[in-house]
Amino acid sequence: MSFPKNASSRIGTLDKKWDVIIVGGGITGAGIFRDLAGMGYRVLLVEQADFAFGTSSRSSKLVHGGLRYLANAQFNVTYESVREREHLQKQYPNLVKPLEFLIPIYDQYKHGASFFNVGLNLYDIFGSKWKHGSYSLEEMDKRYPLLNKQALRSVLYYYDAEVDDARLVMRVISEGISHGGIALNYCKANTVLRDNTGQVDGIQVVDTLTEEEMELHAAVIVNATGPWTDELRSQVVAGSVIRKLRGSHFLVQRKRLPVEQAFTLFHPRDGRALFIIPWQGMTMVGTTDLDHPASYEREKPEPFMTSKEMDYLLTAVNTMFPTAKISETDIISSFAGLRPIVTMGDMAPSKASRTHRIFADKNLFSIAGGKLTTYQRMAADLIQRILPL
Ligand SMILES: Cc1cc2nc3c(=O)[nH]c(=O)nc-3n(C[C@H](O)[C@H](O)[C@H](O)COP(=O)(O)OP(=O)(O)OC[C@H]3O[C@@H](n4cnc5c(N)ncnc54)[C@H](O)[C@@H]3O)c2cc1C
């Protein structure tokens, strides 16, 4: 089944009854859609804008275990993520590609090379391979003349993977379609519908291209709307579960900051881990991790990099590559995304757990948190919760 072509007849031609309707065409919704369609269920996915419009096109593009989760003792997140990284590289070798990371270790860092080596050993044990080590300072000097050598003690390397996040979403959705599912973008779920016992049994959607409205019903409604999770869920139960944490990146021309491997660095102000990543002929720097206030959403509907975040990222880059003298005028583009983190009190953003959670509320199943890397595990957990239909 292909995407319907005639916009004016899109929702009018849809069946009114489904096994499962999934709201949200990011990686979370896409994974659930693909797997349910593959199991033969009649499944519809609706997305309010372009597929991957939300966080799933604004990530750091890494399929990674997340070394920093080890530092926060989130061993389960790292273990699951490393295992998923290995699966995804085999499943989509043209999309998910290995990426070498370098960690230059400076005297002023809180931890030395032996601390990082413990993490890298665990990383490789989780991934069942041995792919880390160190480079000599002489070799680094040859390869990276712009790298800050002052107080540089050693340079470690390890491997993770990279992916074009939006392309991965499109690929997974197209697999769901080839299994018989229907996916519709520019179709927004406005209202959760209930039967006379109060159970959720459908959604009212609007085709945002034609403003046509329609009521659609299903045995189960899945809310995979990421940072928007509370908007649908709060129609069924009071309270919010999502803490929106903004992360921003900027891109500079590769010739201004020529890197062939990715770099992991620690910010001189707060010690947070950041990345400098070679990305599609450019160099990408990110990310930040900040609460995203509602006032920003009123100002601009899409998240954006603030000037404070730009300064923060520039400081990090110029500490590691001081002679490159990267400035605001070098930035050719920036983007920001919102992490849909499940609220766990008011701990520091970088310490907030990245594990996913499922909330079952009167037949509305909301799934949030997690990572791009773990979307298949998230889909499997959600499907286990909703079956049998
Ligand atoms: C800065 C940053 C960097 C990150 N880097 C990485 C990384 O390198 N690796 C990694 O594994 N993870 C990373 N993550 C995490 C990862 O990107 C997210 O966990 C993941 O993309 C969330 O996907 P999602 O589908 O749950 O949400 P989203 O991608 O936001 O999808 C939700 C979708 O729902 C749609 N929607 C909302 N409301 C409605 C409605 N009423 N009707 C219809 N549609 C609706 C939205 O338009 C959106 O497309 C990063 C996150 C951020 C913010």
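This section reports on the structure supplied with the text.

Conventions and cut-offs
Residues numbered from 1 in each chain as written. Predicted model: local features only at pLDDT ≥ 70, side-chain atom pairs only at ≥ 80, totals over all residues. Heavy atoms only, no water. Helix = DSSP H or I, 4+ residues; strand = E, 2+ residues; numbered from the N terminus. Rg over C-alpha atoms; globule rule 2.2 N^0.38 Å. Buried < 20%, exposed > 50% of the residue type's maximum accessible area, 1.4 Å probe, protein only. Contact = heavy atoms within 4.5 Å. Areas by Shrake-Rupley, 256 points an atom, 1.4 Å probe, with all protein chains shown as cover. Lys, Arg positive; Asp, Glu negative; His and termini not counted. Charge placed at Lys NZ, Arg CZ, Asp CG, Glu CD. Salt bridge = Lys/Arg side-chain N within 4 Å of Asp/Glu carboxyl O. Near = heavy atom within 4 Å. Polar contact = N/O pair within 3.5 Å; in protein donor to acceptor, adjacent residues only side chain to side chain. Nonpolar A, V, L, I, M, F, W, Y, C, P; charged D, E, K, R; others polar. Domains from an automatic or database assignment. Expected span 1.5 Å × (residues − 1). Arc of directions from axis to C-beta. Phe/Tyr/Trp six-rings, centres within 6.5 Å; stacked < 30°, edge-to-face > 60°.

### Description of the overall build of the chain
Move 1: Regarding its fold elements, the chain presents 10 helices and 18 strands.
Move 2: At 22 Å, the chain has a C-alpha radius of gyration in line with the 21 Å of a compact globule built from 389 residues.
Move 3: Principal-axis analysis of the C-alpha atoms places the extent of the chain at approximately 70 × 45 × 40 Å.
Move 4: By residue count, 56% of the 389 residues in the chain fall in the buried class.
Move 5: Within the chain, contacts between residues separated by at least 24 positions form 73% of all contacts whose residues are at least 6 apart in sequence.
Move 6: Within the structure as shown, the chain displays about 16,700 Å² of accessible surface, and the carbon and sulfur contribution to it stands at 52%.
Move 7: With 45 positive and 42 negative side-chain charges, the chain shows a separation of 4 Å between the mean positions of the two kinds.

### So, the pattern of salt bridges
Move 1: In this structure the tally under the stated criterion is 22 salt bridges.
Move 2: A salt bridge links Asp107 to Arg153; the nearest nitrogen and oxygen atoms lie 2.8 Å apart. With Asp107 in the loop between strand E4 (97-106) and helix H4 (113-126) and Arg153 in strand E6 (residues 152-162), the pair connects residues that are 46 residues apart, well separated along the chain.
Move 3: Asp107 gets classed as partly exposed once you look at its relative accessible area, which sits at 46%.
Move 4: Close ionic contact of Arg171 with Glu175 constitutes a salt bridge, the shortest N to O distance being 3.2 Å. Of this pair, Arg171 and Glu175 are both found in helix H6 (residues 165-178), 4 residues apart, which corresponds to roughly one turn of the helix.
Move 5: Here the salt bridges share partners, and the residues they tie into one network are Arg34, Asp35, Arg171 and Glu175.

### Description of unusual backbone geometry
Move 1: Cis geometry is found at the peptide bond from Gly286 to Thr287, where omega equals 5°.
Move 2: Structurally, Thr287 can be placed in the loop between strand E14 (282-286) and strand E15 (290-291).
Move 3: The backbone phi angle of Ser128 is positive, close to 50°, even though this residue is not glycine.
Move 4: Relative to the elements of secondary structure, Ser128 occurs in the loop between H4 and strand E5 (133-135).
Move 5: The exposure class assigned to Ser128 is exposed, which follows from its relative accessible area of 59%.
Move 6: In this model, Lys362 sits at a positive phi of 50°, which is unusual for a non-glycine residue.
Move 7: In this structure, Lys362 sits in the loop between strand E17 (357-361) and strand E18 (364-368).

### Comments concerning the site of the ligand
Move 1: Around the ligand, 37 residues are found, and the nearest of them are Thr28, Glu47, Ser56, Leu62 and Thr373.
Move 2: Between the ligand and the protein, one listed contact pairs a nitrogen atom with a backbone N or O atom of Ala189 at 2.9 Å.
Move 3: Protein chains bury 97% of the 1,000 Å² of accessible surface belonging to the ligand in isolation.
Move 4: Listed by contribution, the elements that provide at least two residues to the shell around the ligand are helix H1 (27-38), strand E8 (187-194), strand E11 (242-253) and strand E16 (331-342).
Move 5: Across the shell around the ligand, the residue classes break down as 12 nonpolar, 19 polar and 6 charged.
Move 6: Looking at which domains feed residues into the shell around the ligand, each of domain 1 (7-56 + 166-241 + 354-386) and domain 2 (87-159 + 243-351) gives three or more.

### Some details on the environment of Val43
Move 1: With respect to the secondary-structure elements, Val43 resides in strand E2 (residues 43-46).
Move 2: Of the residues examined, Val43 reaches a relative accessible area of 0% and is grouped as buried.
Move 3: Separated by 253 residues in sequence, Val43 and Tyr296 place their C-alpha atoms 35 Å apart.

### Let's talk about helix H10 (residues 375-386)
Move 1: Compared with an ideal rise of 1.5 Å per residue, which puts 12 residues at 16 Å, H10 spans 17 Å between its outermost C-alpha atoms and is within 8% of the ideal.
Move 2: Those residues of H10 not exposed but buried are Tyr375, Gln376, Met378, Ala379, Leu382, Ile383 and Ile386. Angular distribution of buried residues about the axis of H10 spans 155°; they occupy a single face of the element.

### Concerning the side chain of Arg58
Move 1: Within the fold, Arg58 resides in the loop between E2 and strand E3 (62-63).
Move 2: For Arg58, the side chain forms a polar contact with the main-chain oxygen of Gly54, separated by 3.2 Å.
Move 3: Residues in contact with Arg58, not counting those within four places in the same chain, are Phe53, Asp165, His249, Glu302, Pro303, Phe335, Ala336 and Gly337.

### Focus on the packing of aromatic side chains
Move 1: For the coordinates displayed, the defined rule picks out 13 aromatic pairs.
Move 2: On the basis of an interplanar angle of 90° and a centroid distance of 5.6 Å, the ring pair of Phe115 and Phe116 is categorised as edge-to-face.
Move 3: Here Phe115 falls in the partly exposed class, since its relative accessible area comes to 37%.
Move 4: Judged by its relative accessible area of 11%, Phe116 falls in the buried class.

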